[in-house]
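Chain by chain, the residues:
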Amino acid sequence: MRKFTLALCLSFSLTGAFFAQASTPTPDGAGTNVAKLAEQAPIHWVSVVQLERSLVDRPPMAVGFDIDDTVLFSSPGFWRGKKMYSPDSEAYLRNPEFWEKMNNGWDEFSIPKEVARALIALHVKRGDSIYFITGRTQTATETVTKTLQEDFLIPAANMNPVIFAGVQDGQNSKTQWLADKQIKIFYGDSDDDMTAAKASEARPVRILRASNSTYRPLPQAGAFGEEVIVNSEY
């Protein structure tokens, strides 16, 4: 009887140990904590409303916008161009055939960013003159101006033809255009946009590049002390 009791106790003991081990979860990732979730980069975040308030009592002015990843999520066209012309390299960006297609219809597949809708509406309401200054290569014809005007409902009185600044000898070619057009505020997603604005004495405002953009690596927003629009990745 004592042997049976001992065996029974041992059986329950082992079974309990088994269930205790089985019920203990095994971590399957790094995990996080509330401090990490609450962490924010110490940069100059602003909202569209705050930016609008900063312009109260300012007379109408010229403002500028970059295009790709600033007002349009245009990765679909660039993705298609890469697959079509240079799947294994960035050579398609130097191919005139790609730019002819991109500037003449492929923006029909680009998605207007909501932050751009809000900002452009703000500047239209103010009576500002709106310029789009892009690093795209210029082509003989283009439909980008028409697409932007229709996508963002820009009246003819506020709209100017797109300026295709391109890249000249590896230099930031937007700076001179910003100075020539007397741009007071320039919105862009790239570091080059911010440095061009600073060099031309325009107010630099960063728009966040979407994390699924084909344009990599993602820039470090706020790195130049510029204002960064919150929730501007879409």
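Please read these numbers as outputs of a predicted model, since none were measured by experiment. Throughout this description, residue numbers start from 1 for each chain and increase along the sequence as written. Totals for whole chains, interfaces and linings use every residue, but because this is a predicted model, local features are given only for residues with pLDDT of at least 70 and side-chain atom pairs only at 80 or more, for both listing and counting. By convention in this description, side-chain values take in all heavy atoms of the structure and omit both hydrogens and water.

**Comments concerning the overall build of the protein chain**
- By the criteria applied, helices consist of DSSP H or I runs no shorter than four residues and strands consist of E runs no shorter than two, each listed in order from the N terminus. Helix and strand content of the protein chain: nine helices and 11 strands.
- With 234 residues in all, the protein chain has 40% of them scored as buried.
- By the convention used here, residues are in contact when the closest approach between their heavy atoms is within 4.5 Å. Within the protein chain, residue pairs in contact and separated by at least 24 positions form 67% of the contacts whose partners lie at least 6 positions apart. Residue exposure (1.4 Å probe, protein chains only): buried if accessible area is under 20% of the type maximum, exposed if over 50%, otherwise partly exposed.

**Remarks on the pattern of salt bridges**
- Basic side-chain nitrogens of Lys or Arg form a salt bridge, by our definition, when they fall within 4 Å of a carboxyl oxygen of Asp or Glu. Scanning all chains against the criterion turns up 14 salt bridges.
- For lysine 125, the salt bridge identified is with glutamate 52, shortest N-O distance 2.8 Å. Of the two residues, lysine 125 sits in helix α6 (residues 114–126) while glutamate 52 sits in helix α3 (residues 48–54), which places them 73 residues apart along the sequence.
- Given the relative accessible area of 28%, glutamate 52 is considered partly exposed.
- A salt bridge links aspartate 128 to arginine 126, with the nearest nitrogen and oxygen atoms 2.8 Å apart.
- We classify aspartate 128 as buried; its relative accessible area is 0%.
- Ionic contacts of the salt-bridge type, sharing partners, join the residues Asp66, Lys174 and Asp193 into one network.

**Some words on α6**
- The end-to-end C-alpha separation of α6 is 19 Å, in line with the 18 Å expected for 13 residues at 1.5 Å each.
- Burial in α6 covers these residues: Val115, Ala116, Leu119, Ile120, Leu122, His123 and Arg126. Seen from one end, α6 has its buried residues packed into an arc of 155°, which puts them on one side.
- Those residues of α6 hidden inside the fold are in contact with α3, β2 (62–65), β5 (129–134), β9 (183–188) and β11 (227–229).
- Positioned one or two residues after α6, glycine 127 has a phi angle of 85°, which is positive. Each helix should span, by expectation, one fewer than its residue count multiplied by 1.5 Å. Note that the arc is computed from the directions linking the helix axis to the C-beta atoms.

**Some details on the UniProt feature "binding site: substrate" (unreviewed entry) in the protein chain**
- As annotated in UniProt, the feature "binding site: substrate" (unreviewed entry) corresponds to Thr134, Gly135 and Lys174 in the numbering used here. The named residues occupy 41 residues along the chain; their greatest pairwise C-alpha distance, 7.6 Å, places them in one compact cluster.
- Note on placement: threonine 134 falls in strand β5.
- For threonine 134, the residues in contact, after removing those within four places along its chain, are Asp66, Ile67, Asp68, Val162, Ile163, Phe164, Ala165, Gly166 and Lys174.
- Following the sequence through the fold, lysine 174 ends up in helix α8 (residues 174–180).
- For lysine 174, a relative accessible area of 7% translates into the label buried. UniProt positions are given in the numbering used here, feature names are shortened, and annotations may be inferred rather than shown by experiment.

**Thoughts on unusual backbone geometry**
- Arginine 216 connects to proline 217 through a cis peptide bond whose omega is 0°.
- In this structure, proline 217 sits in the loop between β10 (203–206) and β11.
- Within the chain, leucine 153 stands out as a residue other than glycine whose phi angle is a positive 50°.
- With respect to the helices and strands, leucine 153 occurs in the loop between α7 (144–151) and β6 (163–164).

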